[in-house]
Amino acid sequence: MKKIKTLLSLFLLMVCTLTWAQTIKVTGKVTDAVDGSPLPGAAVVIKGVAVGETTDLNGKYSINVPGNGTLVFSFIGMNSVEIQVNGRSVIDVALESSNELDEIVVTAMGISRQEKTLGYSATTVKSEELSISRNTNVTNALQGKVAGVTVQSTSSDPGATSSVIIRGFGSINGSNQPLYVVDGIPLQNSYVTTQGHAMSLSGISNIASDDIESMTVLKGAAATALYGSRAANGVIVVTTKQGKKGYQKNFSINYNGGVQFRQVSTLPILQNEFGQGWNGMQTYIENGSWGPKLDGSQQIYGPIWNGQQLIHKYSAVPTNVKDFFDIGISQNHSVSLSGVSDDEKMNYYLSFSYADDDGIIPTNSDSYKRTTISMRNSYQAAKWLKISSSINFATSSTDLVGSYQGTSVIDGLYELARDVSIVDMQDLTSAFFTPEAYFTPYGITNPYWSLANNYNHIDGKQLNGKAQIDITPIDKLKISYRFGFDYTDRDRKIGMPQISLDDALIEEDYGYAPSNMNQDGYVYTNYYRGYETNHDFFANYNDAFLNKDLTLDVNVGVNINERAGTSMTGETDGLTFFTGFWDLSNGATKATLSESQSKRRLIGLFGDVTIGWKDMLFLNATGRNDWSSTLPIPNNHYFYPGVTLSWLFTELIPKNNVLTFGKLRAAYGKTGNDAGVYQTTSSFTQSTSRGYYGLGIAEFPMHGINSFISSTTAGSTTLKPEMTTETELGLNLQFFNGRVGIDAAYYDRVTSDQIFTLPVDPSTGYSSMVTNFGQVRNRGIELLLNTTPIHTRNFRWDLDINFSKNNNKVLSMPESIEGGRVTIYSFSAGNDAVYMYAEEGQPMGTFYTYMPQYVTDKSSPYYGSPIVGSDGQPVLGTTVENTGYNMNHLWTGGVNTTLNYKGIQLSATLDVRYGGKMFSRTKNLMQFCGNGIETIYNNRKPFVIPGSVQETDDGYVENNVPIYLKDSSYQDYFDAYGWGQGGMSYLVDRSYAKLRNITLGYSLPKKWTNAIFLSQVTLSLFVNNVFTWTAADNYYVDPELTTTGSDLAGQFGELYTNPACRVYGFNVNLKF
Amino acid sequence: MKKIFILLFSACLVLTSCQEFFDINQDPNAPASENVTSDMIFPGAEMQLCATYGDFMRITGGYYAQHYAHSFGTSNYMDYSQFKMSATRSSTAYTQLTSKGLKNYEVLREKSSENGDWGTYLAATVLRAFTFQVLADCYGEIPYTEALDASNLAPKYDDGQTIYKGILAELDEALSKVTGSETVATNFLYTGKTADSWIKFANALKLKILMRMSDDSSVRSALDAVVNANNFPTADVAWADIWTDQVGQANPFYQEEFALYFGSTQINVVLNVALERTMKAADDNRLGAFFSVGSGNEYHGGVSGSNFSTSKTYQSAYWSRPVAKYNDPVYLISLSEIDFFLAEYHARFGNASSAAKYYEEAIKASFASAGVDGAEEVLAAYPWSASNYARCIGIQKWVALSGINSFEAWCEMRRIGYPAFGSLTGKDITDEGDTYTPEALPAGQLYTPIQINANLGNAKLLQRWPYPESSSSRNSNTPSYKGDGTAMFWAE
């Protein structure tokens, strides 16, 4: 009852005011204080009443207002100004650029806070910056823009996922990806790894960049405590566009769309001097270039088939690899309708988007199509009641070209002898361009044939959204309930053709019959569906005391979360229809089915209190307690607190025009993280056994009997949550009214009690074991410099530079395991092995491999010389050794610049990452097949490894055993001994500088656009991935690409990755 | 505010009283452990040994024993052909035999001893002993006394003698508890049979273990006892009659090297010239049972350490490949081996006439296994010689095992010392191009491979493998490697 009384009295008061005031008409002009240019679309609102106007194209307005009223002038990016009318009829206003720190930031649980009150780092990227480069996956638009955030596109292939790492890798086994929260609802952000590619199928990739108002990156643990377990790696808060008034009307229609052209950009550098062959001799069926020097003579090659044989000129085809790729044409369109009802009680936003990306590989077998429909509404049913909802539906369809060895496209292409032309091979009706009589039967085949006969398709759907009620029972209290839902499904299909050749038509196979290429064919089907529901109850109370010097803001709430997934996989082989019919019924063997289900629940209870003093000092404390189903009962709950302090010290110094704003901030926070599902017990699994090269050589049921054996992974009944503790100090400074801004942060983050499935000595009875162990520290600095060096009436130049340096160290690791280290990822083939370890005292991701040996006896005259065996080849160690290299960049940075001149905008983004190594199978392949530029060392003439010595019973003696091409030792030197580097031959420098984007945009003058009933027309041309500079000794790959996943393991490197590409685009933005 | 408190209060109530809300962490994709019986475990557990012993061990043993050489055009096993092994190469096999094989024999032993199911207990103990012996014969030292204990992540490595003595004691303990009529859990080795067959197998295994240790006089009494009891298998101990011509269901060696449906597209394994020369010299009919003809309807053996990669003449189709069928048995111990052991026992410790008899029996049993006639011709070419018993047994055992168990051949060659190396190297037989003179190699002789393993040296068999990477890289108690040429304790 009391509430209604208050409302009633307020209403009466308002009516009285309106009745007594005399209304007058006020006109005027709103301009930019810096250059005096008019500000069209600025809001002019009568204070206390939700009535207002917007300025026209010339910044002019006209409004009826009570003579004693107050007008509020506001414009995006400018400080609002309140002016008392005092009976005046003309009021001109010049607005100043707003202090960025007055901006509102959406933080935990959808709570809005002024940035100046935050004691931690939060960086916001606005819609214009997100949509400018037209990346179908919006996370790529963050590349190079936010200090301390590393965004890596795992592949140039359409639909590939991007890895986002905030402040370094902390978790060895779990995910290091941030949590995406869209309008308060956590998003399922999954990806599928298939044939070396991590493909986005749900989550952030299903949100059209045009639907996003802003993305805010919350980096520290204190910032993320309220989001619970999944926020341990930071949070990216996505705020979508809400219904807004249009220009001079209640709605607007916006179209944004364009076309893009993709072109291959980075390929291995190849030699052009030697052609097809092995050991220096010509062999007509080899897939490498270890043959004689190219001499331009006419030569036969490939098998004799049906009395015919291929001939070609024995000379280099320098562009034979590049010639394979074509221009991929992509398009994207989005249309949105945004508006507000007449009474302004309801707003609505409806959008539709379509993107269709085609990659650089011929045909549409590397393509991605995505459609999204999105609708958001809110309705102020009563002053104390607001309901809102949103729904987002996305479908995607991905075709991809698998990586790896064998009949994959890239392997077939990169191993092509240097004298063999690719473009002639498109005719798949010729036996010479199919496995039947292809020039080499050694595991690889015509890439065009591979492309036409291999299949990898994924369909994905996601339906997510929310329903929310906000109740304001009394003025200062808001109670909300929000239901969030997210349903995802995907259908995957992989097909490999059957090859069944008889060699009857082959008259001469030169020693290796094409039928050795025979394979059984394969169909793989997987269906997955997953859902997540969230119930959030929360309450917000804010008040001010002591003359508003003391402010109080309290949030408390409960989150109930459930996540579940179901998947079923079917496989069959021995295909009846050799290719093209990818259905489980096509197998001659009965399809095997397997299923997998998971479900988890979590309840979190949280609270958050902010106390402000004189708009200068803000103290915030948070606490959360989680109960999780994935931890052992009864120790399944854990508490984590956070506290931050923000001090606007410039409030204490006299106002001046040099240092206009200064803030010091400090934060301390913890975030707990629970385990994956079903890690608390050991179980039995259906029995299967490996052969040497393949899985499943003995697979149950067998001989009519089924069998279950003890799982090779041991669960843990004593699992504890993984804890991340972070301390952060920061400084924000603004000089010359925002012309120069500095944001600096120092952080120290320690992740302890890591939950890890640890590889253990199989002698223990298990090959891996779930356990808590180890501590990893990430410590670093982030610097952000925003400047506007030039700002005149018509010209503006903005330059932002960011820099970050993260030091990553494994602080502790139990000595008993792997000698104090665990494997993050490894590669082994034949006698080669490269390991990426987390080792105590070392940075995360330290590379180990078999190393060439050197004389270590300091008294020897040969100290430091490479040791070779009696065969003249390097002696490699018998155990893997520390290479001294690791996966981490030493530092990363970015430069963003924009030039504006009379509606013309030119902007560019440079992204620099320096230091670190990665594994490259492409590099090794180039050395194996003799195509790489390095393999013409010494012109392939015999040589003795310079400075090498042999170990004899009488000590070291100078080596004089040469390496010859003719007896295969030259090839061995490159392949088995990695050009004298042993396993180091797989490692390449991961440094690069990328000019990510250049955009030229032009906004048509208003008088033109008005003539065609549009309020805004912007045209833009852009190039993405313009240029990549790599380290001098990286002749092989774009170091950003990976085929080993999108998280920590993804830092390992690549196995036959598809090459990178450059995108040229044209875009139109129309607003009605 | 009141509403919030009610809300929070009720939430707390729910959390404290309803832990069952969170009790959903039992993996729905796995059966409940308490419901899994020995019958469900045994076939899967024994197949771990079968899959590794019948495939990886056969292939590697075949190259080390010079039964096999490498085919033209591929190089997948060239290192084995050059008498090399690396820590990574054997890692998968080690992991499978330990964490999947031995672990489950242990689960079976625990379950069966709880239930007094001593037939199953013996069967699991036999497979455990067999597996430990195989591992000890590859690596010399491996974790044994501290193995299979999940609470010890760095089990110490035990020397070969400790392992051998330990498994003998385990076999004796299990044998002491069982009677022949007891039942054994469902298994593939002896479908539907009682413990009696397993007792016989256990005795054969004891014979094999004790004969390996026979230079140690302290095992003589145990050896005498098992020989005198004479309760050995009456048929080859092998997984037979369980195979189907499908992926995951057929003989593992056949799948790995011959079956398209397993993804085998490359020709790697061919006959070795050393075996070819020896068998041809005796007109040995088993050659055709063990290997198929190469070009010209003739048997051609390749040369260790080479794959003739640039030869214009000696290409893939030239060489003889092993005869392999989907339903080939995977042999654990053959009657022929038992007879060879008995022949050797009698030659060294018993009576000469028994030795000669068992030698003959051994060769006849091998012919019977191979399904061909002609033992007499071989006996004529390689007659028993009491004074030179080691050479007779060594060479004929090597030949007999060449079609069924190359791994065991490699072990016994290391112990017996026959067949022995001559002074020839592979380069005396071929230049790896178009010169190939197999006649250069005398019968019954080994030769040094081309591209010899520099850590081993000339005229020597590979004696051991580097400790497997899956153990050595994760276990801080791994000893340092003794080197490729350091003999096992039983071959010193």
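Anything mentioned here points back to the structure above.
Below is a summary of the structure that appears in this document. (Residues numbered from 1 in each chain as written. Chains lettered and ligands numbered in written order. Predicted model: local features only at pLDDT ≥ 70, side-chain atom pairs only at ≥ 80, totals over all residues. Heavy atoms only, no water.)

Take the overall build of chain B next. If you tally the helices and strands in chain B, you get 17 helices and eight strands. Taken over the C-alpha trace, chain B has a radius of gyration of 25 Å; the compact-globule value for 492 residues is 23 Å, and the two agree within 12%. The principal-axis extents of the C-alpha atoms in chain B amount to approximately 100 × 55 × 45 Å. Per-residue burial over chain B gives 62% buried out of 492 residues. Excluding contacts between residues fewer than 6 apart, the proportion of contacts in chain B whose partners are at least 24 apart in sequence is 72%. Looking at chain B as shown, the accessible area adds up to about 16500 Å², and 49% of this sits on carbon and sulfur atoms. Side chains of chain B give 37 positive and 54 negative charges; the mean places of these two sets differ by 3 Å. (Helix = DSSP H or I, 4+ residues; strand = E, 2+ residues; numbered from the N terminus. Rg over C-alpha atoms; globule rule 2.2 N^0.38 Å. Buried < 20%, exposed > 50% of the residue type's maximum accessible area, 1.4 Å probe, protein only. Contact = heavy atoms within 4.5 Å. Areas by Shrake-Rupley, 256 points an atom, 1.4 Å probe, with all protein chains shown as cover. Lys, Arg positive; Asp, Glu negative; His and termini not counted. Charge placed at Lys NZ, Arg CZ, Asp CG, Glu CD.)

Here we take up empty space enclosed by the protein. Residue and element names in this part refer to chain A. Within the structure shown, the criterion is met by 16 cavities of 30 Å³ or more. Residue lining of the largest cavity: 39 residues in total, with Asn135, Asn140, Ser153, Arg262 and Asn1024 positioned closest to the centre. Elements represented by at least two residues in the lining of the largest cavity include exactly strand 19 (251–266), strand 24 (367–382), strand 55 (992–1003), strand 56 (1016–1030) and strand 58 (1060–1071). Class assignment for the residues of the lining of the largest cavity results in nine nonpolar, 20 polar and 10 charged. Lining the second largest cavity we find 26 residues, and of these Thr150, Gly168, Asn806, His889 and Thr892 sit closest to its centre. Of the residues belonging to the lining of the second largest cavity, the class tally is nine nonpolar, 12 polar and five charged. (1 Å grid on protein atoms, 1.4 Å probe; cavity = no way out; pocket = protein on both sides within 12 Å on 5 of 7 lines; lining within 4 Å. Points joined across faces, edges and corners; volume = space filled by probe spheres on them. Nonpolar A, V, L, I, M, F, W, Y, C, P; charged D, E, K, R; others polar.)

For the rest of this paragraph, the subject is the pairing of strand 22 (residues 328–340) of chain A. All names here are of chain A. Strand direction decides the pairing type here: strand 19 and strand 22, joined by 12 bridges, are antiparallel. Residue Asn254 lies in a different strand from strand 22, and its bridge partner there is Ser336. Alignment of strand 22 against strand 23 (residues 346–358), held across 10 bridges, turns out to be antiparallel. Across the sheet, Gly339 pairs through a bridge with Tyr348, a residue of strand 23. (Pairing = 2+ DSSP bridges.)

For the rest of this paragraph, the subject is a negative patch on the surface. On the surface, Asp283, Asp373, Glu376 and Glu377 of chain B cluster together into a negatively charged patch. By the secondary structure assignment, Glu377 of chain B is in helix 14 (residues 375–381). (Patch = residues over 30% accessible without salt bridge, like charges linked within 9 Å, V, L, I, M, F, W, Y side chains within 5 Å. Salt bridge = Lys/Arg side-chain N within 4 Å of Asp/Glu carboxyl O.)

With that settled, consider the sheet that holds strand 28 (residues 506–508) of chain A. Sheet strands line up and pair through hydrogen bonds in the backbone, either parallel or antiparallel. Residue and element names in this part refer to chain A. Pairing is antiparallel across the open sheet formed by three strands, whose spatial order is 21-20-28. Each having just a single partner strand, strand 21 (308–313) and strand 28 make up the two edges of the open sheet. Each neighbouring strand pair of the sheet contributes to a mean axis angle of 35°, computed without reference to strand direction. Of the pairings in the sheet, the one linking strand 20 (residues 298–305) to strand 21 comprises five bridges and is antiparallel in character. Across the sheet, the residue bridging to Gln298 is Lys313, located in strand 21. (Axes fitted to C-alpha atoms, helices over the stretch in contact; angles between N-to-C directions.)

Our focus in this paragraph is the pattern of salt bridges. Note on pairing: side chains with opposite charge can pair once their charged atoms come close. Residues and elements named next belong to chain A. Applying the stated criterion to the full structure yields 50 salt bridges over all chains. Glu726 is the partner of Arg749 in a salt bridge, and the nearest nitrogen-oxygen pair spans 3.7 Å. Taken together, the residues Arg749 in strand 41 (residues 740–759) and Glu726 in strand 40 (residues 722–735) connect sequence positions 23 residues apart. One exposure class covers both Arg749 and Glu726, and it is buried.

To continue, consider unusual backbone geometry. Residue Pro634 of chain A is reached from Ile633 of chain A by a cis peptide bond, and omega for that bond is 5°. Within the secondary structure, Pro634 of chain A sits in the loop between strand 32 (617–628) and strand 33 (637–647). The omega angle of the peptide bond from Tyr418 of chain B to Pro419 of chain B is -5°, so this bond is cis rather than trans. Of note, Pro419 of chain B is situated in the loop between helix 16 (406–416) and strand 7 (420–425).

The biggest cluster of nonpolar side chains holds 169 residues, and the ones touching the most others in it are Met47, Met57, Trp198, Phe201, Leu207, Trp239 and Trp465 of chain B. Considering each element in turn, this core owes the most residues, 14 residues, to helix 5 (residues 118–139) of chain B. In terms of nonpolar packing, the next biggest core, distinct from the first, is built from 69 residues, Leu270, Ile360, Leu758 and Val988 of chain A among them. (Core = buried A, V, L, I, M, F, W, Y, C linked by side-chain atoms within 4.5 Å.)

A word on the side chain of Ser948 of chain A. Residues and elements named next belong to chain A. Secondary-structure assignment places Ser948 in the loop between helix 6 (921–928) and strand 52 (949–952). Judged by its relative accessible area of 2%, Ser948 is buried. Engagement of the side chain of Ser948 in a polar contact is seen with the backbone oxygen of Ile945, the distance being 2.7 Å. Once residues within four sequence positions are removed from consideration, Ser948 is found in contact with Pro866, Val868, Glu958 and Asn959. (Polar contact = N/O pair within 3.5 Å; in protein donor to acceptor, adjacent residues only side chain to side chain.)

Counted according to the given criterion, the structure contains 84 aromatic pairs over all chains. Between Tyr481 of chain A and Phe537 of chain A, the aromatic rings sit 4.9 Å apart at their centres with planes inclined by 40°, giving tilted as the arrangement. With Tyr481 of chain A in strand 27 (residues 477–499) and Phe537 of chain A in strand 29 (residues 519–545), this residue pair connects regions lying 56 residues apart in the sequence. Given the relative accessible area of 26%, Phe537 of chain A is considered partly exposed. Ring centres 6.4 Å apart and planes at 50° place the aromatic pair Tyr63 of chain B and Tyr80 of chain B in the tilted group. A residue pair is termed long-range when its members are at least 10 positions apart, and Tyr63 of chain B in helix 2 (residues 38–64) and Tyr80 of chain B in helix 3 (residues 78–81) qualify at 17 residues. Relative accessible area serves as the criterion here: at 0%, Tyr63 of chain B is assigned to the buried category. For Lys994 of chain A, the ring lying beneath its charged end belongs to Tyr992 of chain A, and the centroid distance is 5.4 Å. (Phe/Tyr/Trp six-rings, centres within 6.5 Å; stacked < 30°, edge-to-face > 60°. Lys NZ or Arg CZ within 6 Å of the ring centre and 35° of its normal.)

Attention now goes to the sheet that holds strand 57 (residues 1053–1054) of chain A. Residue and element names in this part refer to chain A. Strand order in the open sheet made by the three strands is 54-51-57, with mixed pairing throughout. Looking at the sheet topology across the chains shown, the edges are occupied by strand 54 (987–989) and strand 57. The strands that helix 6 touches are strand 51 (917–920), strand 54 and strand 57; relative to strand 51, the one it contacts most, it runs at about 50°.

This part takes up the packing of helix 12 (residues 335–349) of chain B against helix 16 of chain B. Residues and elements named next belong to chain B. Contact geometry for helix 12 and helix 16: axes closest at 13 Å, N-to-C directions at 10°. Judged by the angle between their axes, helix 12 and helix 16 are roughly parallel. Between helix 12, through Glu337, Phe341, Glu344 and Arg348, and helix 16, the contact on the second element is made entirely by Glu408, Glu412, Arg415 and Ile416. Looking at the contact of helix 12 with helix 16 residue by residue, the class counts come to two nonpolar, no polar and six charged. (Parallel < 35°, antiparallel > 145°, perpendicular 65-115°, else oblique.)

Between chain B and chain A, the residue contacts involve 95 residues of the former and 96 residues of the latter. For the pair chain B and chain A, the two sides together bury roughly 8000 Å², of which 61% comes from carbon and sulfur. Contact with chain A buries surface across chain B, with Phe22, Asn25 and Arg474 of chain B losing the most and accounting together for 9% of the total. For the interface between chain B and chain A, the tally reads zero salt bridges. Where chain B meets chain A, there are 38 residue pairs in polar contact (both at pLDDT 80 or more). Among the elements of the structure, helix 1 (2–17), helix 2, helix 3, helix 4 (91–115), helix 9 (252–257) and helix 17 (469–472) of chain B are those that each provide at least two residues to the side of chain B that touches chain A. Tallied by class, residues from the side of chain B that touches chain A come to 45 nonpolar, 36 polar and 14 charged. (Buried area = accessible area lost by both parts, 1.4 Å probe.)

Residue and element names in this part refer to chain B. Position of Ala69 among the secondary structure elements: in strand 1 (residues 68–70). For Ala69 and Arg321, which are 252 residues apart along the polypeptide, the C-alpha to C-alpha distance reads 9.6 Å. Here Ala69 is in contact with Tyr63, Ser81, Asn268, Val269, Val270, Leu271, Asn272, Gly302, Val303 and Ser304, once residues within four sequence places are set aside.

This brings us to the state of the cysteines. For the coordinates displayed, the defined rule picks out zero disulfides over all chains. For Cys411 of chain B, which is in no disulfide, the shortest distance to another cysteine sulfur is to Cys138 of chain B and amounts to 6.6 Å. (Disulfide = S-S within 2.5 Å.)

Our focus in this paragraph is helix 12 of chain B. Residues three or four positions apart in an α-helix share a direction because the helix packs 3.6 residues into each turn. Residue and element names in this part refer to chain B. Helix length check: helix 12 (15 residues) gives 21 Å between terminal C-alpha atoms against 21 Å at 1.5 Å per residue, within 8%. In terms of burial, helix 12 is largely enclosed, as 11 of its 15 residues are buried. In this fold, the buried residues of helix 12 make contact with helix 7 (195–212), helix 8 (220–229), strand 6 (330–333), helix 13 (352–370), helix 15 (389–401) and helix 16. (Expected span 1.5 Å × (residues − 1).)

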